[in-house]
There are 2 protein chains.
Amino acid sequence: MPSIRFRIYLDSEGHIGPGKVELLEHIGQLGSIAAAGRAMGMSYRRAWELVEETTRIFGHPVTTRQAGGRQGGGAALTPLGEAVIARFRAMEAAITAATQEELTALQAEVKSPDQG
Amino acid sequence: MPSIRFRIYLDSEGHIGPGKVELLEHIGQLGSIAAAGRAMGMSYRRAWELVEETTRIFGHPVTTRQAGGRQGGGAALTPLGEAVIARFRAMEAAITAATQEELTALQAEVKSPDQG
């Protein structure tokens, strides 16, 4: 099925896209930045950088550190982190609904392989 | 102002985003792939590659060659090329309308510089 991927550009520098949002969702589910990164096939360092970038864009932390464990211990989402996920997914649903007709029409213009 | 950039992923490989669409628009206005590339600060080779990729995704040419000139001569959009632009811009308008409220709310969660 054809689909649309989008990124949000706020007035601050940087953008929020499906990668950062999925990472936040994994952190919420797994309680760890390292585990969330592993679930997405990225290093702890890369996952941590993406979380820091998101925090910088919003000017407030999107995760909070929890005691215990090695490699940064546990992590949980802040209310802002939860809000970022919820708003992104709401926008995704609105975009899917708003573009479905045009997207289907555009896909119909793609030559199917057996048309030669 | 916050904004959204999006890419369309069709069932074929590759995606259509604002760069390819803007290039097609320039080709339509300037009548030349080379001139369109220059207008966007890209080499003729890069512009030509993007046109070829778009043609591959749709399985039909999005531009047509016109006689005369060096470096590929003139170029014009095919009806498909025109349709790709029109549908992308229609989706863009639909997405802007559908996400405005959430986008404004998300922007409000960004700390303004003077909040310390």
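Everything discussed here concerns the structure shown above.
Note that the structure is predicted; figures quoted are calculated from it, not measured.

Digging into the environment of Arg89(B)
All names here are of chain B.
Line of reasoning, step 1. Following the sequence through the fold, Arg89 ends up in helix H4 (residues 79–108).
Line of reasoning, step 2. Judged by its relative accessible area of 27%, Arg89 is partly exposed.
Line of reasoning, step 3. Residues within four places of Arg89 in sequence aside, it is in contact with Val21, Glu22 and Glu25.

Digging into the environment of Ala75(A)
Residue and element names in this part refer to chain A.
Line of reasoning, step 1. Take Ala75: it is sitting in strand E4 (residues 74–77).
Line of reasoning, step 2. The class for Ala75 is buried, based on a relative accessible area of 7%.
Line of reasoning, step 3. Apart from residues no more than four positions distant in its own chain, Ala75 is found in contact with Ile27, Gly31, Ser32, Ile33, Thr64 and Gln66.

Quick notes on the relation of the copies chain B and chain A
Line of reasoning, step 1. Its rotation angle being 180 degrees, the transformation that places chain B on chain A also includes 0.0 Å of axial translation and leaves an RMSD of 0.0 Å. Accordingly, the operation relating the two chain copies is best matched by a two-fold axis. The C-alpha atom lying nearest the rotation axis in chain B is that of Phe6(B); the distance is 2.1 Å.
Line of reasoning, step 2. Here 100% of the interface residues in chain B have copies in chain A that are interface residues too; the copies meet face to matching face.

Conventions adopted
Residues numbered from 1 in each chain as written. Chains lettered and ligands numbered in written order. Predicted model: local features only at pLDDT ≥ 70, side-chain atom pairs only at ≥ 80, totals over all residues. Heavy atoms only, no water. Helix = DSSP H or I, 4+ residues; strand = E, 2+ residues; numbered from the N terminus. Buried < 20%, exposed > 50% of the residue type's maximum accessible area, 1.4 Å probe, protein only. Contact = heavy atoms within 4.5 Å. Least-squares fit on C-alpha atoms with pLDDT ≥ 70 in both.

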